[in-house]
Amino acid sequence: MVKVTIPQLLEMKQKGEKIALLTAYDYPFGFLEDEVGIEVILVGDSLGMVVLGYENTLPVTMDEMVIHTRAVRKAVKRALLIGDMPFLSYQVTTEDAIRNAGRFMAEGGAEGVKLEGGKERIETVRAILRAGIPVMGHIGLTPQSAARFGGFKVQGKSAKEAKNLIEDAKALEDSGVFSIILECIPKEVAQVITETLNIPTFGIGSGSFCDGQILVIHDILGLNEKFSPKFVKQFVNLTPIIKGAFENYIAAVKKGDFPNSDHSFKMKEGEFQKLKRMVRTEKKQRKK
Ligand code: KIV
């Protein structure tokens, strides 16, 4: 097992080797992703929507993110583990941003943080980096600013918008981020950004020219019935499989088929007879 590092990701980009990322929010999925060789695991603030049942990512707190990052950390030995800074954990002051990024590292065991935004975040990115914390950028359709975009809409469709995104990406690279997520931008724009930068780009809904791809695990596993955007590919549909298992369990409990002797424990030889005698004696004494 060779631990994935930031320099190794840069090397992969130079060699043209594609990089596979996924989100994870707990120990079991972190474990499985690490076992099969996912290179970067992001504890995304999508946690709010796919695990905690929130309408969007805005209510997710630092405490929630730290708990889930710590759970994933326990399982992950090889992949690079990144914590996603939730809404208002880095937008108010740089002091807040450094302290919260530090919590991901010290309490969550992350190896870096991700935050949303372009030119407007450069000062914050530099401050976090000065504290010794690696930063991943995230531009395009940044969900924490969805209200500003008028909803979940593809960004960078016009030349003017695309140029702005390219400038954001370049400014982030110059500030020292080690990679950038490109979310929901046209593939041509993602290609220009990927070819312009020396650091890797990771696409989600941004086409195949990016250096790597990231998706939310609940989407690829068919565990998010409410949400299926065009860019998601469902690699397996676990919902009917899991529902089927639950239904079989209910039926077995109701019929008395579960548990059977395979799933039950037995007393030591002769102890059951002893117990029955003790219960009988006690009953008789109570009647007297
Ligand atoms: O929160 C998240 O999971 C993300 C990725 C989808 C990029 O930001």
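Calculation rules
- All residue numbers refer to position in the chain's written sequence, counted from 1.
- Restriction of local features to residues with pLDDT of at least 70 applies here, the model being predicted, together with a cutoff of 80 or more for giving and counting side-chain atom pairs; totals for whole chains, interfaces and linings are based on all residues.
- Remark: hydrogens and water are excluded; side-chain values derive from all non-hydrogen atoms of the structure.
- Whether a residue is near a molecule or strand depends on its heavy atoms: if one lies within 4 Å, it is near.
- The term polar contact refers here to a pair of N or O atoms within 3.5 Å; inside protein, the definition further demands a hydrogen-donor-capable atom paired with an acceptor-capable atom, and it admits residues adjacent in sequence only when both atoms are side-chain atoms.
- When residues are grouped by polarity, Ala, Val, Leu, Ile, Met, Phe, Trp, Tyr, Cys and Pro land in nonpolar, Asp, Glu, Lys and Arg in charged, and all others, Gly among them, in polar.
- Definitions used for this entry: grid spacing 1 Å over protein atoms alone; cavity, a set of points where a 1.4 Å probe fits but cannot get out; pocket, an open set with protein on both sides within 12 Å along at least 5 of 7 lines; lining residue, one with an atom within 4 Å of a point.
- Grid points are joined across faces, edges and corners, and a volume is the space filled by probe spheres set on the points.
- Under the scheme used here, helices are H or I runs from DSSP no shorter than 4 residues and strands are E runs no shorter than 2 residues, and both carry numbers assigned from the N terminus.
- Axis geometry follows a simple rule: fit a line to the C-alpha atoms, using only the stretch in contact for helices, then measure angles between N-to-C directions, giving values from 0 to 180 degrees.
- The scheme is simple: roughly parallel for angles under 35 degrees, roughly antiparallel for over 145, roughly perpendicular for 65 to 115, oblique for anything else.
- Two helices crossing with the near one rotated counterclockwise from the far one by less than a right angle form a left-handed crossing, whereas a clockwise rotation gives a right-handed crossing.
- Contacts between residues were defined by any pair of non-hydrogen atoms, one from each residue, lying within 4.5 Å.
- The aromatic pairing rule takes the rings of Phe, Tyr and Trp, using the six-membered ring of Trp, and pairs them if the centres are within 6.5 Å, calling planes under 30 degrees apart stacked, those over 60 edge-to-face and the rest tilted.
- Each residue gets one of three labels from its accessible area relative to the maximum for its type: buried under 20%, exposed over 50%, partly exposed in between, using a 1.4 Å probe on protein chains only.
- For a Lys NZ or an Arg CZ to count as sitting over a ring, it must be within 6 Å of the ring centre and within 35 degrees of the ring normal.

### Let's talk about the site of the ligand
Phase 1 of the analysis: Residues in contact with the ligand, as listed here, are Thr23, Leu42, Gly44, Asp45, Ser46, Asp84, Lys114, His138, Ile181, Ile204 and Val216.
Phase 2 of the analysis: One of the side-chain N or O atoms of Asp45 is found 2.9 Å from an oxygen atom in the ligand.
Phase 3 of the analysis: Residues of the shell around the ligand, tallied by class, amount to four nonpolar, four polar and three charged.

### Here we look at the layout of surface pockets
Phase 1 of the analysis: For the largest pocket, the calculated volume is near 600 Å³.
Phase 2 of the analysis: Lining the largest pocket are 31 residues, with Ser46, Met49, Glu183, Val216 and Phe227 sitting closest to its centre.
Phase 3 of the analysis: Mapped by element, the contributors of at least two residues to the lining of the largest pocket are α3 (47-50), β6 (179-183) and β8 (212-215).
Phase 4 of the analysis: Residue classes in the lining of the largest pocket are distributed as 17 nonpolar, six polar and eight charged.

### Examining the packing of helix α4 (residues 62-75) against helix α5 (residues 94-106)
Phase 1 of the analysis: Closest axis-to-axis distance for the α4/α5 pair is 9 Å, and the angle between their directions is 25°. Classified by the angle their axes make, α4 and α5 are roughly parallel. As for how α4 packs across α5, the hand of that crossing is right-handed. Here Met62, Asp63, Met65, Val66 and Thr69 of α4 lie close against α5, whose contacting residues are Asn100, Arg103 and Phe104.
Phase 2 of the analysis: Of the residues in the contact of α4 with α5, the class split is four nonpolar, two polar and two charged.

### Topic: the packing of aromatic side chains
Phase 1 of the analysis: In this structure the tally under the stated criterion is two aromatic pairs.
Phase 2 of the analysis: Both rings, one in Tyr27 and one in Phe31, keep their centres 6.3 Å apart while their planes meet at 10°; by these two values the pair is stacked. Of this pair, Tyr27 and Phe31 both sit in helix α2 (residues 27-36), four residues apart, which is roughly one turn of the helix.
Phase 3 of the analysis: Looking at Phe31, the relative accessible area reads 34%, which means it is partly exposed.
Phase 4 of the analysis: Over the ring of Phe235 we find Lys233, and its NZ or CZ is 5.0 Å from the ring centre.

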